[in-house]
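Listed below are the residues making up each chain.
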Amino acid sequence: MNTSLSELLDLSIAHEINISRLYTLFHELFEEDEEFWWQLSIEERNHAALLLNEKNIQKPSGLLPENLLTSDLNALQSSNAELETLITEYKTNPPSRQDAFQTAYDLEKSVGEIHYQEFMNSKSCSLSDELFKQLNLEDKDHADRIQSYMLEHGIPFREKD
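Residues numbered from 1 in each chain as written. Predicted model: local features only at pLDDT ≥ 70, side-chain atom pairs only at ≥ 80, totals over all residues. Heavy atoms only, no water.

**Student:** Can you lay out the overall build of the protein chain for me, pointing to particular residues and giving the numbers?
**Tutor:** Broken down by element type, the protein chain carries seven helices and zero strands. Helices and strands appear in the protein chain in the N-to-C order α-α-α-α-α-α-α. Looking at the protein chain as a whole, 45% of its 161 residues are labelled buried. Partitioning the contacts of the protein chain with sequence separation of at least 6, the portion at a separation of at least 24 is 77%. When the accessible surface of the protein chain is split by element, carbon and sulfur atoms take 50% of a total near 8,600 Å². (Helix = DSSP H or I, 4+ residues; strand = E, 2+ residues; numbered from the N terminus. Buried < 20%, exposed > 50% of the residue type's maximum accessible area, 1.4 Å probe, protein only. Contact = heavy atoms within 4.5 Å. Areas by Shrake-Rupley, 256 points an atom, 1.4 Å probe, with all protein chains shown as cover.)

**Student:** Tell me about the nonpolar core, and name the residues and values.
**Tutor:** Within soluble globular proteins, side chains that are nonpolar tend to cluster in buried spots. Counting residues in each nonpolar core, the largest one holds 23 residues, and the members touching the most others are Leu22, Tyr23, Phe26, Phe36, Trp37, Phe101 and Ile146. Discounting residues that sit within four places of it in the chain, phenylalanine 36 has contacts with Phe101, Arg145, Ile146 and Tyr149. Ranked by size, the runner-up nonpolar core spans eight residues in total, among them Leu9, Leu11, Ile13 and Ala48. (Core = buried A, V, L, I, M, F, W, Y, C linked by side-chain atoms within 4.5 Å.)

**Student:** Residue-level account of the packing of helix α2 (residues 34–57) against helix α7 (residues 142–152), with values.
**Tutor:** Between α2 and α7, the shortest axis-to-axis distance is 12 Å and the interhelical angle comes to 175 degrees. With respect to α7, the element α2 is oriented roughly antiparallel. Where α2 approaches α7, its residues Phe36, Gln39, Leu40, Glu43, Glu44 and His47 are matched on the opposing element by His142, Arg145, Ile146 and Tyr149. Here the residues of the contact of α2 with α7 sort into four nonpolar, three polar and three charged. (Axes fitted to C-alpha atoms, helices over the stretch in contact; angles between N-to-C directions. Parallel < 35°, antiparallel > 145°, perpendicular 65-115°, else oblique. Nonpolar A, V, L, I, M, F, W, Y, C, P; charged D, E, K, R; others polar.)

**Student:** Break down the pattern of salt bridges for me, with residues and values.
**Tutor:** For the structure on display, the rule yields five salt bridges. Across the pair glutamate 43 and arginine 145 runs a salt bridge, and its minimum N-O distance is 2.8 Å. One end of the pair, glutamate 43, is in helix α2; the other, arginine 145, is in helix α7, with 102 residues separating them in the sequence. Exposure remark for glutamate 43: the relative accessible area of 3% places this residue in the buried category. (Salt bridge = Lys/Arg side-chain N within 4 Å of Asp/Glu carboxyl O.)

**Student:** So what about the packing of α2 against helix α4 (residues 97–108)? Which residues, and what values?
**Tutor:** Following both chains from N to C, one finds α2 and α4 inclined at 25 degrees, their axes separated by 13 Å at the closest point. One way to sum up the angle between α2 and α4 is to call them roughly parallel. Classified by chirality, the crossing of α4 by α2 is left-handed. Contacts between α2 and α4 involve Phe36, Trp37 and Glu44 from the former and Ala100, Phe101, Ala104 and Glu108 from the latter. For the contact of α2 with α4, the class distribution of residues is five nonpolar, no polar and two charged. (Left-handed = near helix turned anticlockwise from the far one by under 90°.)

**Student:** Give a detailed account of the packing of aromatic side chains, specifying residues and quantitative values.
**Tutor:** One pass over the structure, following the stated rule, counts 10 aromatic pairs. Here phenylalanine 36 and tyrosine 149 contribute two aromatic rings whose centre-to-centre distance is 4.2 Å and whose plane-to-plane angle is 25 degrees, an arrangement assigned as stacked. You can see phenylalanine 36 sitting in helix α2 and its partner tyrosine 149 sitting in helix α7, a full 113 residues away along the chain. On the basis of relative accessible area, tyrosine 149 is assigned to the buried category, the value being 13%. Ring geometry for tyrosine 105 against phenylalanine 157: centres 4.7 Å apart, planes inclined by 90 degrees, an arrangement best described as edge-to-face. Placement of the pair is tyrosine 105 in helix α4 and phenylalanine 157 in the segment after α7, with a sequence separation of 52 residues. Residue class for tyrosine 105 comes out buried when judged on its relative accessible area of 2%. (Phe/Tyr/Trp six-rings, centres within 6.5 Å; stacked < 30°, edge-to-face > 60°.)

Have a look at this one:
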């Protein structure tokens, strides 16, 4: 596997784990929503595990399912740094419930997560792509689920610019 693909996978795995860490923090902070946050956190960890598996089984050619990951290393590095900052900040200065949900929604619409969603919604060209999608079938549409939850529970929502 080439270095850039390996680095891209490492950053993508870290991104999924960082989002899971943030959702775990929200699980701890917002008792009324703890089950919702816990489920999302588990799903993000599952995404990380599946990417790690993809990394571990890669042949020297380094082929991954098309559109599974963003190719923008800088955006992933920046997003991971922002997530680390948010986690540190929110541990000492917790967000409001609305801000937590809005942050999560915006993250799910970000570069690292939107590529995953686009891949999950695309037509499969290979058996391995289809198997990956089947393993993740219940773990998709996080942005839509967050928005629906907000609306159902009277939490004000604003579309990301």
